[in-house]
Number of protein chains: 2
Amino acid sequence: MSDKKKIYKPKPISGFPEWLPEYRAVEQAWLDKIRAVFESYGYASIETPSVEELDVLTAKGEDVDKEIYVLERLQADPDEKKSARLALHFDQTVPLARYVAQHFAELTFPFKRYQMQKVWRGERPQMGRMREFYQCDIDVINVDKLPIHFDAEVAAVVYEALESIDIGRVQLRISNRKILLGLMEALGIEDPVPVTRFIDKLEKLGAKEIKHILIGEVGLTPEQTDAILDLAGQQDLSKIKPQNEMMAEGLEELSFVMDQLKHLPVHGARADLSIVRGLDYYTGTVYETQLLDVPEFTGSVCSGGRYDDLAGSYINKHLPGVGISIGFTRLFDVLRQANKIQPGPKSPAQVLVVLPSEERRTVAAEAARNLRERGMNVELYHAPQKIGKQMGYAEKKSIPFVWFPPFEDGQDHEVKNMENGEQTKADPKSWSA
Amino acid sequence: MSDKKKIYKPKPISGFPEWLPEYRAVEQAWLDKIRAVFESYGYASIETPSVEELDVLTAKGEDVDKEIYVLERLQADPDEKKSARLALHFDQTVPLARYVAQHFAELTFPFKRYQMQKVWRGERPQMGRMREFYQCDIDVINVDKLPIHFDAEVAAVVYEALESIDIGRVQLRISNRKILLGLMEALGIEDPVPVTRFIDKLEKLGAKEIKHILIGEVGLTPEQTDAILDLAGQQDLSKIKPQNEMMAEGLEELSFVMDQLKHLPVHGARADLSIVRGLDYYTGTVYETQLLDVPEFTGSVCSGGRYDDLAGSYINKHLPGVGISIGFTRLFDVLRQANKIQPGPKSPAQVLVVLPSEERRTVAAEAARNLRERGMNVELYHAPQKIGKQMGYAEKKSIPFVWFPPFEDGQDHEVKNMENGEQTKADPKSWSA
């Protein structure tokens, strides 16, 4: 290496977050807890490649094109056979659809899967949006018919997953699109799309403004508008009179789901008919989730719903499903920036074993090994430096116990609790914290 | 959706592997075990973004350019301010270097980190190489001087990590480049690079062929060649006479490392002076790893070594380090294809709770909840179908226990062990498998 080396000073890349070890420890612990809850309900892990063929990602023809990152090999051989263009996935639903279609014959249905991977969206960097983030998704897919049982189950699972990480009170808000769509049909409204689009903004803009828009812009009558806003504001399902079969079906399904969630705390789940979700993709139950104790977090932590046909673009089977997705990294980052996350330790070690001298290395290494064999995370200090310096290292890395192997043959091992300063004799083959 | 929909039949993308749930379960278990070993030695997790700025990836000027995947937004706004080109990382060493330089002031040294992420290499697809794969890396970085302690520690850590997953006998082969480089200096060989490059191929080509090349192509004398091949074949370090300070230092370091690994099984680690690693990046200890019981696996499962300066391209600090990297996905895939991996269950559930009838749903759901609260993974069957059908589902997903909640009030719960067929009364609040 030449003496005058060129330094390329690195800086953060906007939209691609990374954490210091003490925050990464918390992120990892959260991911582990969420995963444990997913598995406790029998959801199986899958992982798909980070890329899909561009044609697969755009097969549905939705307006996602501009968010897609396409891969280009920096120095592709010009004589090479052209292969399909590859692009990073922007969610885990399209990959799931492709996965189920591709491996259809080898999967057991109902197929219950979870998936916790990074996804990428090529948003304009200046918008401050994340361009790489974790999503934690669960979905259940079945062939031809999917029991309503799962609409309640996925809600219970994500509720429990969010409760397992320490983020205060969580509230699920649940609706069923058939109720509002049924009402619109009964009211003779031919195009429900603009109405649902504005009802989705009800909480943000307020009933007065939405009424104004539905009459003035969408062209509904005041009576139609009132009927729709009455329904959207109604929290007591027993007060809703179904006007047709679709409404009755939606009410029955939503009542079943709410009934199955009765074991949650009072604040935990409520029917909210103003929830419609933007996407027309959803055909029945829809979910959003609010954090009641984190005003810094606007919008929904996790959301999802039931869809009629997962993989119609890739396979000639009718595959209804229901699923919810936690926008993990945004949740983590908002809480971190709001100082609501207590950073973890800088080292996973619970014990630092002191190295008294080069001569005592074997004794010290064996103590470390004995403790590790019993499931503890243990660092052996790397050089026979002054004991004060070794203890300073434990302090800096928040390692809670310091272990002193015998400095001479015949002496005992001792362990010091760094929090209360207590130091006691201990045997590395039986001690526990 | 129109009746005549276009079907885009998906197919695997060459070089981007994915597994069925029963293999993903094994992959996940392996990753968990490796991680647990890394943490048991006090290595802290970090995760860096999947991308780096292209200039960061190419700052070292090595010949990696052709393997790099650059990201292009499918529809970037032409009026948008040009930002730096981003590319997927091809290893975890460059990202580590960038991370350490960027967060230098906030890290505690020696900095012990592990990193288990996917990396990408835009290899020609027809070569059958992987283009996306997991690497499991540990490295220790210090400022100015890094104790030799860590050269032994990282070897012990990866040995234990590989032993924790069930892949037969593992053998570390360890050398120290200073020994061979010192000898070459003593022999008056001016350019060591071509010699190390061919010694690296010694096992593959054999001593006779290498001798031929070193004399005929590289231009060494027969005496120089014999001295080098003698050294490369010498497994007893005590028989090597150091010719200069560099050789003596290398021998002392290698002896220390081997001494620290004496607790491993006899086959576990051996000094092998023919190991030089291709990269000139390494300056001292170097490692390779063989699987003794898996002939299908050629080459090294994990390898690494000591380097003099991690992040010289990004920061004006002297940061020596030592690290090893497990090529995880290739290991997993070779063993899977050799039928040496027993697939895991299709569901993480240990218990399937039967749903006797719609009326008994509350009782069944509560039993499932009670079992889950005590740490078990439990599926509640989704519909009150025939009991045989429900048990068939448990069988297909290899769920080992089926739980029967009381079909009428006053009856007991019962649980059936699907392996031996035994069925016994059980209480969901106290039963365990």
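Residues numbered from 1 in each chain as written. Chains lettered and ligands numbered in written order. Predicted model: local features only at pLDDT ≥ 70, side-chain atom pairs only at ≥ 80, totals over all residues. Heavy atoms only, no water.

Asks: It is not clear to me how the overall build of chain A should be interpreted in this structure. Could you clarify?
Replies: For chain A, the count of helices and strands is 13 helices and 16 strands. Principal-axis analysis of the C-alpha atoms gives chain A an extent of 90 × 65 × 45 Å. When the accessible area of chain A is evaluated, it comes to approximately 18,800 Å², of which 48% is carbon and sulfur surface. (Helix = DSSP H or I, 4+ residues; strand = E, 2+ residues; numbered from the N terminus. Areas by Shrake-Rupley, 256 points an atom, 1.4 Å probe, with all protein chains shown as cover.)

Asks: Please explain the packing of helix 1 (residues 21-40) of chain A against helix 11 (residues 328-337) of chain A as it appears in this structure.
Replies: Between two packed helices, both the angle of their axes relative to each other and the distance between the axes serve to describe the pair. Residue and element names in this part refer to chain A. With their axes 12 Å apart at the nearest point, helix 1 and helix 11 run at an angle of 135° to one another. It follows that helix 1 is oblique to helix 11 by the angle criterion. Here the hand of the crossing between helix 1 and helix 11 comes out right-handed. On helix 11, the residues that touch Y23, V26, E27, W30, L31 and I34 of helix 1 are F328, L331, F332, L335 and R336. Its residues assigned to classes, the contact of helix 1 with helix 11 comprises nine nonpolar, no polar and two charged. (Axes fitted to C-alpha atoms, helices over the stretch in contact; angles between N-to-C directions. Parallel < 35°, antiparallel > 145°, perpendicular 65-115°, else oblique. Left-handed = near helix turned anticlockwise from the far one by under 90°. Contact = heavy atoms within 4.5 Å. Nonpolar A, V, L, I, M, F, W, Y, C, P; charged D, E, K, R; others polar.)

Asks: Would you take a moment to explain the interface of chain B and chain A for this structure?
Replies: How big an interface is tends to be reported as the loss of accessible area on association of its parts. The interface is formed by 111 residues belonging to chain B together with 111 residues belonging to chain A. Here chain B meets chain A over a buried area of about 9,400 Å², counting both sides, of which 54% is carbon and sulfur. One can count twelve salt bridges joining chain B with chain A. Residue K118 of chain A pairs with E47 of chain B through a salt bridge whose shortest N-O separation is 3.1 Å. (Buried area = accessible area lost by both parts, 1.4 Å probe. Salt bridge = Lys/Arg side-chain N within 4 Å of Asp/Glu carboxyl O.)

Asks: What am I meant to see in the confidence of the model for chain A here?
Replies: Looking at chain A as a whole, its pLDDT mean stands at 93, while 95% of the residues score no less than 70. Quick note on the complex model: pTM equals 0.96, ipTM equals 0.95. (pLDDT = per-residue confidence, 0-100.)

Asks: Can you help me understand the relation of the copies chain B and chain A in this one?
Replies: What relates the pair of chain copies is a rotation about an axis plus a shift along that axis. When chain B is fitted onto chain A, the two copies agree to an RMSD of 0.1 Å after a turn of 180° and an axial shift of 0.0 Å. Those values place the two copies in the arrangement expected of a two-fold rotation axis. Proximity to the rotation axis, assessed at the C-alpha, singles out L71 of chain B in chain B; its C-alpha lies 2.5 Å from the axis. A high fraction, 99%, of the interface residues of chain B reappear at the interface in chain A, so the copies pair face to face through one surface. (Least-squares fit on C-alpha atoms with pLDDT ≥ 70 in both.)

Asks: What's the story with the sheet that holds strand 12 (residues 351-353) of chain B in this structure? I'm lost.
Replies: Hydrogen bonds between backbone groups are what pair the strands of a sheet, and the pairing can be parallel or antiparallel. Residue and element names in this part refer to chain B. A sheet is described by the order of its strands in space; here five strands give the open sequence 13-12-14-15-16, paired in mixed fashion. Each having just a single partner strand, strand 13 (378-380) and strand 16 (423-425) make up the two edges of the open sheet. The sheet shows a mean angle of 25° between the axes of neighbouring strands, taken without regard to direction. Bridge count for strand 12 against strand 13 is three bridges, and the pairing is parallel. Paired with L352 across the strands is E379, a residue of strand 13. (Pairing = 2+ DSSP bridges.)

Asks: Where do I start with the domain arrangement of chain A in this structure?
Replies: In terms of domain boundaries, chain A breaks down into domain 1 (10-168 + 293-344), domain 2 (177-267) and domain 3 (351-425). On a C-alpha basis, the centres of domain 1 of chain A and domain 3 of chain A stand 43 Å from each other. (Domains from an automatic or database assignment.)

Asks: I keep staring at the pairing of strand 7 (residues 170-176) of chain B and nothing clicks. Help me out?
Replies: For a regular strand, side-chain orientation follows a simple rule: the groups alternate between the two sheet faces. All names here are of chain B. Among the seven residues in strand 7, seven count as buried, and that is most of the element. Side chains of strand 7 alternate between two faces, with V170, L172, I174 and N176 and Q171, R173 and S175 buried alike. Pairing analysis gives seven bridges linking strand 7 to strand 9 (residues 282-291), with the strands arranged antiparallel. Opposite Q171, over in strand 9, you have Q290 as the bridge partner. Strand direction decides the pairing type here: strand 7 and strand 8 (residues 269-271), joined by three bridges, are parallel. Its bridge partner being in strand 8, L172 is matched across the sheet by A269. (Buried < 20%, exposed > 50% of the residue type's maximum accessible area, 1.4 Å probe, protein only.)

Asks: Can you help me understand the sheet that holds strand 8 of chain B in this one?
Replies: All names here are of chain B. Taken in spatial order, the eight strands line up as 1-5-6-11-10-9-7-8 in an open sheet, and their pairing is mixed. The strands lining the two open edges of the sheet, one partner per strand, are strand 1 (44-45) and strand 8. Strands strand 5 (111-120), strand 6 (132-141), strand 7, strand 9, strand 10 (302-307) and strand 11 (321-327) of the sheet are contacted by helix 4 (residues 149-164), whose axis makes an angle of about 15° with strand 11.

Asks: Teacher, can you tell me more about the packing of aromatic side chains here?
Replies: In this description, an aromatic ring pair is defined by two values, namely the gap between the centres and the angle between the planes. Residues and elements named next belong to chain A. In the structure shown here, the tally under the stated rule is 29 aromatic pairs over all chains. Each ring, one from W19 and one from F332, has its centre 5.2 Å from the other, and the planes form 50°; the classification is tilted. Placement of W19 in the segment before helix 1 and of F332 in helix 11 is noted, with a sequence separation of 313 residues between them. Pair check on accessibility: W19 and F332 agree, each one buried. On the numbers, 6.4 Å between centres and 10° between planes, the contact of Y99 with F111 is stacked. Of this pair, Y99 sits in helix 3 (residues 93-102) while F111 sits in strand 5 (residues 111-120), and the two are twelve residues apart along the sequence. Judged by its relative accessible area of 0%, Y99 is buried. (Phe/Tyr/Trp six-rings, centres within 6.5 Å; stacked < 30°, edge-to-face > 60°.)

Asks: Would you take a moment to explain the side chain of K397 of chain A for this structure?
Replies: Residue and element names in this part refer to chain A. Position of K397 among the secondary structure elements: in the loop between helix 13 (387-396) and strand 14 (401-404). Nearest to the buried, unbridged K397 among oppositely charged side chains is E379, at 4.2 Å. In terms of polar contacts, K397 uses its side chain to reach the side chain of Y393, at 2.8 Å. (Lys, Arg positive; Asp, Glu negative; His and termini not counted. Polar contact = N/O pair within 3.5 Å; in protein donor to acceptor, adjacent residues only side chain to side chain.)

Asks: What am I meant to see in helix 3 (residues 93-102) of chain B here?
Replies: Helical periodicity: at 3.6 residues per turn, an α-helix aligns residues three or four positions apart in one direction. Of all ten residues making up helix 3 of chain B, nine are buried, and the element is well covered by its neighbours. Turning to helix 3 of chain B, its buried residues are V94, P95, L96, A97, R98, Y99, V100, A101 and Q102 of chain B. Check the buried side of helix 3 of chain B and you find it contacts helix 1 of chain A together with strand 2 (51-53), helix 2 (54-57), strand 5, strand 6 and strand 10 of chain B.

Asks: Explanation requested: the packing of helix 1 of chain A against helix 1 (residues 21-40) of chain B in the structure shown.
Replies: It is at 15 Å that the axes of helix 1 of chain A and helix 1 of chain B come closest, and there the two elements cross at 145°. When the axes of helix 1 of chain A and helix 1 of chain B are compared, the crossing they make is left-handed. Of the residues in helix 1 of chain B, those in contact with Q28, D32 and R35 of chain A of helix 1 of chain A are Q28, D32 and R35 of chain B. A class-by-class count of the residues in the contact of helix 1 of chain A with helix 1 of chain B yields no nonpolar, two polar and four charged.

Asks: What is the right way to look at the pattern of salt bridges in this model?
Replies: Two side chains bearing opposite charge may form a pair once their charged atoms approach each other closely. Residues and elements named next belong to chain A. What the rule picks out here adds up to 60 salt bridges over all chains. For E253, the salt bridge goes to K178, with nearest N and O atoms at 2.7 Å. Of this pair, E253 sits in helix 10 (residues 245-260) while K178 sits in helix 5 (residues 177-186), and the two are 75 residues apart along the sequence. For K178, a relative accessible area of 15% puts it in the buried group. Note that D226 and K211 form a salt bridge whose closest N and O atoms lie 3.0 Å from each other. On the criterion of sequence distance, the pair formed by D226 in helix 9 (residues 222-233) and K211 in helix 8 (residues 207-216) is long-range, its members being 15 residues apart.

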